[in-house]
Amino acid sequence: MRPLLAATLMAMSMMEPAGAAEPGLKIARAGTRAVTAAPAQNFTGTVKVEMLYTPEGAERASAGTVSFSPGARTAWHSHPPGQTLVVTAGIGRIQRWGGPVEQIQVGDVVHIPAHVKHWHGAAPDSAMTHIAITEAQDGKSAEWMEQVSDTQYTAAPAPVAGAPSTSPSQGRQLFGDIAPKFGQLTDEVLFGDVWARPGLSPRDRSLATVSALIAMNRPDQLRGHLARARENGLSDAELIEVTTHLAFYAGWPNAVTAIGVAREVFKQPRP
Ligand code: MN
């Protein structure tokens with residue numbers, strides 16, 4: 001064999017796959033995974049689970065998207081090697097045994113150390129979705145305990161540093177002195193029911209609401225809703241992009257007004 005040909009053949013053989021036995025990539029396409037109801041013995045309220053992956057062979061980690069309706073939560077439980085939660089929508093609550101109830105919201109990441117007794121779920125007036133990444137030990141990923149009582153669940157969450165005030169009684173605080181029924185409707189129907197419905201994420205509801213208020217040139221209402229939109233996970237750059245987009249559909253002066261309001265709101269630290 002001539003040297004050049006031999007070298008060419010060797011180079012070609014090095015370009016072949018490392019071995020036929022090596023497993024291929026697995027892609028689970030969006031919309032093809034099963035969504036099941038979480039078991040009632042370990043959860044309170046309506047909770048849906050979509051497993052993203054389950055361990056095979058020597059693997060130990062699993063991941064699932066868990067969607068809690070308002071008021072829904074896990075029972076008390078612990079994880080042998082711990083768990084990480086990535087909040088992908090809404091506002092929720094989490095507590096470790098003996099600690100305060102803490103509010104969690106879209107974008108937050110919570111790590112729960114091994115064997116720490118805790119629960120997690122939605123806020124009473126908002127749905128919450130998180131991705132849970134959990135490792136198993138000897139095939140076991142959770143130790144389930146008693147349910148979280150209503151008294152434990154409704155303990156007031158510790159305030160989140162820098163978060164704008166959007167407490168469930170905000171309507172009563174704003175309007176209660178002169179229009180108590182209107183305050184009650186604001187709290188219980190608008191924010192307690194419509195905003196908490198799982199048909200749209202809080203982020204998307206904020207996007208729709210901010211767009212409408214810009215288009216209608218309502219700076220007083222836009223001010224509060226820009227703060228709420230940041231709390232619901234919209235970035236300042238996205239809110240400015242919405243305003244720029246709407247200048248062409250809702251009118252240039254509306255966008256000018258909205259940018260002035262955004263300048264004030266963005267001076268506050270992000271939640
Ligand atoms: Mn957990």
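Participant: What is the right way to read the packing of aromatic side chains from this model?
Facilitator: The geometry of two aromatic rings is summed up by the distance between their centres and the angle between their planes. Tallied over the entire structure, the rule returns seven aromatic pairs. An angle of 45° between the planes, with centres 6.5 Å apart, marks the rings of phenylalanine 43 and phenylalanine 68 as tilted. With phenylalanine 43 in strand β2 (residues 43–44) and phenylalanine 68 in strand β4 (residues 61–68), the pair connects residues that are 25 residues apart, well separated along the chain. When the ring of phenylalanine 175 is compared with that of phenylalanine 182, the centres are 4.9 Å apart and the planes differ by 55°; the resulting orientation is tilted. Using a relative accessible area of 46% as the deciding quantity, one classes phenylalanine 182 as partly exposed.

Participant: Before we go on, may I ask you to explain the pattern of salt bridges in this structure?
Facilitator: Two side chains that carry opposite charge are able to pair once their charged atoms sit near each other. Counting across every chain of the model gives twelve salt bridges. Ionic pairing is found between glutamate 143 and lysine 140, a salt bridge with its closest N-O pair at 3.5 Å. We classify lysine 140 as partly exposed; its relative accessible area is 37%. The partner of arginine 203 in a salt bridge is glutamate 238, with the nearest N and O atoms 2.6 Å apart. Remark: glutamate 238 occurs in helix α7 (residues 236–250) and arginine 203 occurs in helix α5 (residues 202–215); sequence separation between them is 35 residues. When its relative accessible area of 27% is taken as the criterion, arginine 203 is described as partly exposed. Here the salt bridges share partners, and the residues they tie into one network are Arg203, Asp204 and Glu238.

Participant: Looking at this model, I keep getting lost on the side chain of threonine 134. Mind explaining?
Facilitator: Positionally, threonine 134 belongs in strand β11 (residues 128–135). Engagement of the side chain of threonine 134 in a polar contact is seen with the side chain of glutamine 83, the distance being 3.1 Å.

Participant: What is the right way to read α7 from this model?
Facilitator: Residues that lie three or four places apart on an α-helix share one face, since the helix turns once every 3.6 residues. Taking 1.5 Å as the rise per residue, α7 with 15 residues should run 21 Å; its terminal C-alpha atoms sit 20 Å apart, in good agreement. Taken together, the buried positions of α7 are occupied by Leu239, Val242, Thr243, Leu246 and Ala247. Down the axis of α7, the buried side of the element spans an arc of 150°, and every buried residue falls inside it. Facing away from the buried side of α7 by more than 90 degrees, the exposed set consists of Ala237, Glu241 and Phe248. Contact partners of the buried residues in α7: α5, α6 (219–231) and α8 (252–265). Looking one or two places after α7, you find glycine 251, whose phi comes out positive at around 110°.

Participant: Would you mind showing me how to read unusual backbone geometry here?
Facilitator: For residues that are not glycine, phi is negative in most cases, and the peptide bond is trans in most cases. Of note, aspartate 138 is a non-glycine position whose phi angle comes to about 50°, a positive value. On the secondary structure map, aspartate 138 appears in the loop between β11 and β12 (143–144). Of note in the backbone geometry, asparagine 217 takes a positive phi value of approximately 55° without being a glycine. Relative to the helices and strands, asparagine 217 is located in the loop between α5 and α6.

Participant: Which parts of the structure should I look at to understand a nonpolar patch on the surface?
Facilitator: Residues Leu185, Val189, Leu190 and Val194 make up a contiguous nonpolar surface patch of roughly 280 Å² in combined accessible area. For valine 189, a relative accessible area of 41% gives the class partly exposed.

Participant: Looking at this structure, I do not really get the nonpolar core. What am I missing?
Facilitator: Soluble, globular proteins show a tendency: their nonpolar side chains are buried together. Core analysis: the largest hydrophobic core is formed by 17 residues, its most contacted members being Val47 and Phe68. At the level of elements, β3 (47–53), β4, β7 (83–96), β9 (109–112) and β11 are the ones that each hand at least two residues to this core. In terms of residue count, β7 provides more of this core than any other element does, three residues in total. Among residues more than four places away in sequence, those in contact with valine 47 are Thr36, Ala37, Ala38, Val66, Ser67, Phe68 and Ala72.

What counts, and at which threshold
- Along each chain, residue indices are assigned from 1 in the same order as the chain's sequence is written.
- pLDDT decides what is reported in this predicted model: residues at 70 or higher carry local features, side-chain atom pairs at 80 or more are listed and counted, and totals for whole chains, interfaces and linings draw on all residues regardless.
- Derived side-chain values reflect all non-hydrogen atoms in the structure, with water molecules and hydrogen atoms excluded from consideration.
- Only centres within 6.5 Å qualify two rings of Phe, Tyr or Trp (six-membered ring in Trp) as a pair; their planes then separate them into stacked at under 30 degrees, edge-to-face at over 60, and tilted for everything else.
- Working definition: helices are DSSP H or I runs of at least four residues, strands are E runs of at least two. Numbering for both runs from the N terminus.
- Only protein chains enter the accessibility calculation, which uses a 1.4 Å probe; a residue whose area is less than 20% of its type maximum is buried, one above 50% is exposed, and one in between is partly exposed.
- For this document, the term salt bridge refers to a Lys or Arg side-chain nitrogen within 4 Å of an Asp or Glu carboxyl oxygen.
- In protein, a polar contact means a hydrogen-donor-capable atom and an acceptor-capable atom, both N or O and within 3.5 Å, with residues adjacent in sequence counting only if both atoms are side-chain atoms; elsewhere, any N or O pair within 3.5 Å suffices.
- Every helix has an expected span of 1.5 Å times one less than the residues it contains.
- In this description, the arc belongs to the directions extending from the helix axis to the C-beta atoms.
- For this analysis, residues touch if any pair of their heavy atoms sits within 4.5 Å.
- A patch is a set of surface residues, each over 30% in relative accessible area and not in a salt bridge, joined within 9 Å for like charges and within 5 Å for the nonpolar side chains Val, Leu, Ile, Met, Phe, Trp and Tyr.
- Methods summary: accessible areas were calculated by the Shrake-Rupley approach with a probe of 1.4 Å, and residue burial reflects only the protein chains presented.
- For the purposes of this section, nonpolar cores are sets of buried Ala, Val, Leu, Ile, Met, Phe, Trp, Tyr and Cys residues that join through side-chain atoms within 4.5 Å.

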